[in-house]
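Read off the chains here:
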Amino acid sequence: MNLILSPPSITPPPSRHSICTVRSQSSPNQTPIPTVPSPSLPPSPSAPTPPSAIIIGGGLSGLSAAVHLHSSSVPFLLLESSDDIGGRDRTDIVDGFVLDRGFQIFITAYPHARRLLDYQSLSLNNFYSGALVYCPDRRFHLVSDPLRHLPDALSGLFNPVGTLSDKLLVGLTRLRSLLTSDDDILTAEEVPVLDLLRRSGFSESMIDRFFRPFFGGIFFDTDLETTSRLFNFIFKCLASGDNAVPSEGIAAIPRQLAGRLPAGSVRLNSRVESIEVDPFGSPVVRLEGGDAFEAELGLILAVEEFEAERLLKIPSRVGKERRPARGTVCVYGGANRDTRVYFAADRAPVSDPVLILNGSGRGIMNNMCFMTNVAPSYGPPGKVLVSVTVVGAREGTSDEDLTTEIVGELSGWFGKGEVREWRHLRTYRIGFAQPDQSPPTDLMGRDPKVGSRVYVCGDYWSSATFDGALVSGTRAAKALVEDRVLLKDLKSS
């Protein structure tokens, strides 16, 4: 279990504004959405020790880097442009409901997360190991993990979600993944996921009814163009761990990391305008408001790829040519491009904590679930939170029209009488939910050092997963600490 130290004092400077926006279907006069609060101490104007390292970005990568620097006794300052830490992993509270900004599932078998996070403190709630698939016959059919739900798996052997041969192939794929090391998986010959599935012998019905909505929802890529390396890594993690959400929302993960940082080490609402180099070769970070900070030991950029390119001013220093990111829309009652819609209800037509997939080949919904079946804390007592994901930005469709279309589809699944009582809560449109990770990739992580005392991290620098973000941040911080030791040795020699 990791020791949780005193939480940081997160001090927004005056007259700064968040650049993180959330689109919703609410009226223009609606009051601001409250977010799950970050841990904080009484405000302090600066870190108690002048920072010798600067981290730009307070998402998972930046926080992971900060945790490692703190454990290595390197004083630092983390600059976050928005009004809170977490990056893409933020949570809002709306009418007592816990709304993650985008459909977020945490896989407990992520190797670096296991070492870095305290799972017990997160109070994780597990999904059913499998999925409920809405098929072309307009009926729901259950797909189950035979090692955890053997009776369910046996009863579903001959359902229309693939053939009997497909289900045996799933078992063989699972066994193969468990017997292969992570390094071998992440460096293996790679092809698009769709090519891998076809080469492995899976039928088109199994691909379209299960793999496309399930892994398409994970990768925000229903075309299944993502690298087979990432597919096999996720498949192994699913086989050896659980899908889960923290009781307080996905923001509990970055909050836990922030809780280990020293007071005054995080500064919010601090957008970086430029990076310069002083006469002694130290990076100097200049904020939009005019403040400047010298990074004597080094600078870690833990921001999205396009922002790193803007700040470095040399795209080639970041890496290969950047492909379009995957966005998402999230609607509550959320990738590539993904929409998440949330609804509130008084009852759920499904009682199990199961992910529901659209395997019918019709409609715009990719997957949905009743979040309060998984984590009762996601809603007020006696209420149900309905979460719907549409992969694709649906940029030409208004929130109102999108909600109407989704309600129509849900009515076909559960009946008009059931769905008409559901109340729309919020729609999230997230333009950058994941970097594109179609071949070729380097999921082992590229060298974080991109210049003198400048380091880069993020899921695009490793793998587009929680684990990829965490391990990338740790690697960048380790590289800075190692260079610090070398610098000391040079000065003493």
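Procedures and definitions
Residues numbered from 1 in each chain as written. Predicted model: local features only at pLDDT ≥ 70, side-chain atom pairs only at ≥ 80, totals over all residues. Heavy atoms only, no water. UniProt positions renumbered as here; feature names shortened; annotations may be inferred. Helix = DSSP H or I, 4+ residues; strand = E, 2+ residues; numbered from the N terminus. Buried < 20%, exposed > 50% of the residue type's maximum accessible area, 1.4 Å probe, protein only. Core = buried A, V, L, I, M, F, W, Y, C linked by side-chain atoms within 4.5 Å. Contact = heavy atoms within 4.5 Å. Pairing = 2+ DSSP bridges. Right-handed = clockwise from strand over helix to strand, strands pointing away. Patch = residues over 30% accessible without salt bridge, like charges linked within 9 Å, V, L, I, M, F, W, Y side chains within 5 Å. Areas by Shrake-Rupley, 256 points an atom, 1.4 Å probe, with all protein chains shown as cover. Salt bridge = Lys/Arg side-chain N within 4 Å of Asp/Glu carboxyl O.

A. View of the UniProt feature "binding site: FAD" (unreviewed entry) in the protein. UniProt tags Ser 61 as "binding site: FAD" (unreviewed entry). Turning to its location among the elements, Ser 61 is positioned in helix H1 (residues 60–71). A residue is classified by how much of its surface remains accessible, and Ser 61, at 5% relative accessible area, is buried.

B. Geometry of the nonpolar core. Within the largest apolar cluster, 91 residues are counted, with the highest numbers of intra-cluster contacts made by Leu 69, Phe 215 and Ile 300. It is helix H16 (residues 466–492) that contributes the most residues to this core, eight residues altogether. If we ignore the near neighbours within four places in the chain, the residues touching Ile 300 are Ile 54, Ile 55, Ile 56, Ala 65, Leu 69, Tyr 455, Cys 457, Ala 476, Ala 477 and Leu 480. Counting residues in each nonpolar core, the second largest holds 25 residues, with Met 365, Met 368, Trp 413 and Trp 422 among its members.

C. Fine view of the pairing of strand E1 (residues 53–56). Burial of E1 is two-sided: the residues Ala 53 and Ile 55 facing one way and the residues Ile 54 and Ile 56 facing the other way are all buried. Note that E1 and strand E2 (residues 76–79) share four bridges and pair parallel. Bridge assignment links Ala 53 to a residue of E2, and that residue is Phe 76. Considered for its hand, the β-α-β crossover made up of E1, H1 and E2 is right-handed. Sheet analysis places E1 next to strand E14 (residues 298–301), joined by four bridges and oriented parallel. Paired with Ile 55 across the bridge in E14 is Ile 300.

D. Focus on a nonpolar patch on the surface. Together, Phe 158, Leu 164 and Leu 168 make up an exposed nonpolar region whose accessible area comes to about 350 Å². By the element assignment, Leu 168 lies in helix H5 (residues 164–178). Owing to a relative accessible area of 55%, Leu 168 belongs among the exposed residues under this scheme.

E. Structural view of the sheet that holds strand E9 (residues 243–246). Read across the open sheet, the three strands follow the order E5-E9-E6; overall the sheet is antiparallel. Since the sheet does not close on itself, it has two edges, and those belong to strand E5 (106–107) and strand E6 (124–126), each with one partner. In the sheet, E5 pairs with E9 via two bridges, with the strands oriented antiparallel. Across the sheet, the residue bridging to Phe 106 is Ala 244, located in E9.

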